[in-house]
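So the chains spell out like this:
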Protein chains: 2
Amino acid sequence: MSFIQNLQAAWASNNSLLCVGLDPDLAKFPAHLREDPDAIYQFCTAIVDATADLVCAFKPQIAYFAGESAEAQLEALIDYIHLNYPHVPVILDAKRGDIGATAAQYAREAFERYQADALTVNPYMGFDSIEPYLAYPDCGLIVLCRTSNPGGSDLQNLQVDGGKKLYQHVAQVVAEKWNPHGQAALVVGATFPQELADVRSLVGDMPLLVPGIGAQGGDVQATVNAGKTAIGMGLMINSSRAILYTGKGEDFAQAARKAALSTRDEINRYR
Amino acid sequence: MSFIQNLQAAWASNNSLLCVGLDPDLAKFPAHLREDPDAIYQFCTAIVDATADLVCAFKPQIAYFAGESAEAQLEALIDYIHLNYPHVPVILDAKRGDIGATAAQYAREAFERYQADALTVNPYMGFDSIEPYLAYPDCGLIVLCRTSNPGGSDLQNLQVDGGKKLYQHVAQVVAEKWNPHGQAALVVGATFPQELADVRSLVGDMPLLVPGIGAQGGDVQATVNAGKTAIGMGLMINSSRAILYTGKGEDFAQAARKAALSTRDEINRYR
């Protein structure tokens, strides 16, 4: 089953457009876990167990693992999700972008070593930096388009040839040229709903990964209205910190479940 | 000593603008090394020993290590270079680009875990994706500007606000706003010498990391003429495959030395 099919099945079976981002920051972990040598794995699998029936995807952010030399825990975490929750796809958030020969190595890392179902990538280096991932047509390729951070406007909002903005150009190029096998999706932040609506109008039913609600302040109602497809699908609305670190004690996973449930339900009210 | 000072010292002491890229591709290794469990470390340290007096920097490409689960060998390799050749700076080529909290993790990975002297980064997400690296003012921050690959033109050559091209805008923004501690450099490919000259005219004496000679076909004379500063410095001209894989047998390191020597000397003829 391809990433896109898996995602569609998870949207339906879990009745959810919520993606939980797994950004394991040791400094924010409950105290009882911090001394555990496998703390990252313990923390993340507890979050996964508590939320797997409420999400359409999990999104581990590789930087948090790499900063802690925890590649083995990332491998074990993704194995754990596939084994226990095979209906929930895993997006490796790594924002890779490099020339063809190097991109082929990053594709091996993401799809063979880590067995991720999808990978985030950066479009700045152009089509041949994307092409090696197309050799894995069942895997999702989620291209940065309009990001939710304050600096996202610095380049992405520049006017380019023909009066479009750079992020609109990226959305069009991905939809029209970089997606021969239908495996592409885009990252579009929740902090600018009008831009999310722009992108939706340019790319048909292509899935959009939407960071920026929760800790980053994006409005759920405006996000869902701007980004959903005609049938109320098409979104992976990511929340990381606001789910992971709601609870500070031994009940952190139950607290995360509560936060995930209320976020999922809030999203569903506006679909 | 900062990355930039270290680089300037290496330019002078080794009389070299050559950067050797360490892209360890097992399929291209000499047969006698392939079965060694530490093949990547053995191969790269042999190349380092054979060329350390001929280069201004070494540039390991992290994708080749990550694809082989060889993070420990990358750590050991960088340790080895620092211990044996402390005058030669190490650039970790990882092209990172993410929001601030995540970029802070990538900075820890590059500068604390791997002890790299400099890191390549992607500008697409704007200033706050760059800012966390500024907390390490002695480390170099090498921002993608105009890349040497065929798709490099797809976005980087778009006309943006005011008639500039996107890569020219990036060069200006980095020079004027993103470099408060003087730690920035830019990646500008050798395949378009006129664009290299453009960037040089925009950024003063800022160091430029220049891939694209050798296997990618860039012309050495045109590259040096277009990119050098007034005093014949300012460049880290990278060659990877054309140095690493010249020899196919047990004498691969001597063959690499020969290729590095002739490339360094060819560069020096045009300074």
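Here the structure is shown first, and the text comes after it.
As the structure is a prediction and not an experimental result, all values here were calculated from the model.

**Q** I'm lost on helix α2 (residues 39-51) of chain A in this one. Help?
**A** Since one α-helical turn is 3.6 residues long, residues separated by three or four positions face the same way. All names here are of chain A. Along its 13 residues, α2 runs 18 Å from first to last C-alpha, staying within 8% of the 18 Å computed at 1.5 Å per residue. Among all positions of α2, only A39, I40, F43, C44, T45, I47, V48, A50 and T51 are buried. Structurally, α2 contributes buried residues whose contacts are with β1 (18-22), β2 (57-60), α3 (62-66), α4 (71-84), α10 (241-244) and α11 (252-269).

**Q** For this particular structure, what's the right way to read helix α1 (residues 3-13) of chain B?
**A** Residues and elements named next belong to chain B. Considered for burial, the residues of α1 that qualify are F3, I4, N6, L7, A10 and W11. Axial view of α1: buried residues confined to an arc of 160°, hence all on one face. Along α1, exposed side chains directed more than 90 degrees from the buried face belong to A12 and S13. Check the buried side of α1 and you find it contacts β3 (91-96), β4 (118-121), β5 (140-146), β6 (184-188) and β8 (235-239). Downstream of α1 by one or two residues, N15 has phi in the positive range, about 45°.

**Q** Is there a simple way to think about the relation of the copies chain B and chain A in this case?
**A** The two chain copies are related to each other by a rotation about an axis together with a translation along it. With an RMSD of 0.0 Å, the operation that places chain B on chain A is a rotation of 180° combined with a shift of 0.0 Å along the axis. On the angle and the small slide along the axis, the relation comes out as a two-fold axis. Of every C-alpha in chain B, the one belonging to B:V160 sits nearest the axis of rotation, 2.2 Å from it.

**Q** Explanation requested: the packing of aromatic side chains in the structure shown.
**A** The way to describe two aromatic rings as a pair is by their centre distance and the angle between their planes. One pass over the structure, following the stated rule, counts 14 aromatic pairs over all chains. Where B:F43 meets B:F252, the ring centres are 5.0 Å apart and the plane angle is 10°; that geometry is what we call stacked. In this pair, B:F43 is assigned in helix α2 (residues 39-51) and B:F252 in helix α11 (residues 252-269), connecting sequence segments 209 residues apart. With a centroid separation of 6.4 Å and 90° between ring planes, the pair formed by B:F111 and B:Y133 is classed as edge-to-face. You can see B:F111 sitting in helix α5 (residues 100-113) and its partner B:Y133 sitting in the loop between β4 and β5, a full 22 residues away along the chain. In this structure, B:F111 and B:Y133 share a single accessibility class: buried. One aromatic cluster is present, built from ring pairs that chain together A:F29, A:F43, A:Y245 and A:F252. A cation sits over an aromatic face here: A:R146 above A:Y167, 6.0 Å from the ring centre.

What counts and how
Just so you know, the residues in each chain are numbered from 1, in the order the chain's sequence is written. For naming, the first written chain is A and the first written ligand is 1, with later ones following in the order written. Only residues with pLDDT of 70 or above have their local features reported here, since the model is predicted, and side-chain atom pairs are shown and tallied only from 80 upward, although totals for entire chains, interfaces and linings are computed over all residues. Note that the side-chain values use all heavy atoms of the structure and ignore hydrogens as well as water. The helix and strand labels rest on DSSP assignments: H or I over at least four residues marks a helix, E over at least two residues marks a strand, and numbering proceeds from the N terminus. Helix span is expected to be 1.5 Å times the residue number reduced by one. Exposure classes here rest on a 1.4 Å probe applied to the protein chains alone. A residue is buried below 20% of its type maximum, exposed above 50%, and partly exposed in between. Residues count as neighbours in contact if any of their non-hydrogen atoms are within 4.5 Å of one another. Directions drawn from the helix axis to the C-beta atoms are what define this arc. A least-squares fit on C-alpha atoms brings the copies together, and the residues used are those whose pLDDT is at least 70 in both copies. Pairing of aromatic rings covers Phe, Tyr and Trp, the last through its six-membered ring, and needs centres within 6.5 Å; plane angles under 30 degrees mean stacked, over 60 mean edge-to-face, and all others mean tilted. Only when the NZ of Lys or the CZ of Arg is both within 6 Å of the ring centre and within 35 degrees of the ring normal is a charge said to sit over the ring.

These figures come from the coordinates and say nothing about function on their own.
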